[in-house]
Amino acid sequence: MISVSSKIQLKAITGDDQNELMRIMHQIYPPEYKHLWINEDCNWYLEHCFSKENLDAELREKNAVYYFVFYNSERIGILRLIYNTSIHVSDKKIATFIHRIYLSRTAQGKGIAKQLFGWLTEQARHRGNSILWLKAMDTQSQALRFYEKEGYQLIDTLRLNFERIHPELRGMVIMKKSI
């Protein structure tokens, strides 16, 4: 376990954790994101992203780390980072991609995300990375406000090509922060 604070710990996810990963994502993802999906059916996405095959591939990825997030010993989310990457192929600055951060509703308002972002900033600096970046759904206004408060700036937009998402809700933003 990695201690972020006295109340927040991270535990590395392994291939043996796929069932637990799927269980927690079925708790966390639908309440926040099911509105994006036609018939509010986000099972395809959950199966796609958190299947055993995808988990194994993501665990093999160079410079990637994947964690369960615990608060007061309760599993409340996941965090996946990819160090030593760049935002664009032409960009020479070494960056950390915040690939996944999902926290349960019970985690909101407790400063957990703020502490996690402080921790991951220090981890990125320690590895010589000068930029943090992420992608977020453009409809998730609470998350976007948080990122902006943390100093992230909008640098680009994109649209997902998932046919199962309502066309008008496929927008994403790319945000970055220099550290």
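Further up the page is the structure itself.
Residues numbered from 1 in each chain as written. Predicted model: local features only at pLDDT ≥ 70, side-chain atom pairs only at ≥ 80, totals over all residues. Heavy atoms only, no water.

(A) Highlighting the pairing of strand E8 (residues 171-178). A large share of E8 lies buried, amounting to 6 of its 8 residues. Where strand E6 (residues 131-137) meets E8, 7 bridges bridge the pair, whose relative direction is antiparallel. Within E8, the residue paired with Lys135 across the bridge is Ile174. Where strand E7 (residues 153-159) and E8 come together, 6 bridges link them in antiparallel fashion. Each residue of the ladder has a partner; that of Arg159, found in E8, is Gly171. (Buried < 20%, exposed > 50% of the residue type's maximum accessible area, 1.4 Å probe, protein only. Helix = DSSP H or I, 4+ residues; strand = E, 2+ residues; numbered from the N terminus. Pairing = 2+ DSSP bridges.)

(B) Summary view of the sheet that holds strand E4 (residues 74-85). A sheet is described by the order of its strands in space; here 8 strands give the open sequence E1-E2-E3-E4-E5-E6-E8-E7, paired in mixed fashion. Every other strand in the sheet has two partners, leaving strand E1 (2-3) and E7 as the edge strands with one partner each. In this structure, strand E5 (residues 95-103) lies alongside E6, joined through 4 bridges in parallel fashion. Note that in E6 the partner of Ala95 across the bridge is Ile131. Sitting on the sheet, helix H1 (residues 18-33) touches strand E3 (64-71), E4, E5 and E6, and the angle it makes with E4 is about 90 degrees. Running at roughly 110 degrees to E3, helix H3 (residues 52-60) makes contact with E3, E4 and E5 of the sheet. (Contact = heavy atoms within 4.5 Å. Axes fitted to C-alpha atoms, helices over the stretch in contact; angles between N-to-C directions.)

(C) Looking closely at the side chain of Gln18. With respect to the element layout, Gln18 can be found in helix H1. A distance of 2.8 Å separates a polar side-chain atom of Gln18 from the backbone oxygen of Phe50. Leave out the neighbours within four places in its chain, and Gln18 touches Phe50, Ser51, Lys52 and Leu55. (Polar contact = N/O pair within 3.5 Å; in protein donor to acceptor, adjacent residues only side chain to side chain.)

(D) Structural context of the nonpolar core. Within the largest apolar cluster, 30 residues are counted, with the highest numbers of intra-cluster contacts made by Leu79, Ile98, Leu103, Leu116 and Tyr147. If you list the elements that add at least two residues to this core, you get strand E2 (8-12), E3, E4, E5, helix H4 (112-126), E6, helix H5 (141-149) and E8. Residues contacting Leu79, with those up to four places away along its chain left out, are Leu10, Val65, Tyr66, Tyr67, Val69, Ile98, Arg100, Ile101, Leu116, Trp119 and Leu120. Membership of the second largest hydrophobic core comes to 26 residues, among which are Ile28, Trp37, Tyr102 and Met137. (Core = buried A, V, L, I, M, F, W, Y, C linked by side-chain atoms within 4.5 Å.)

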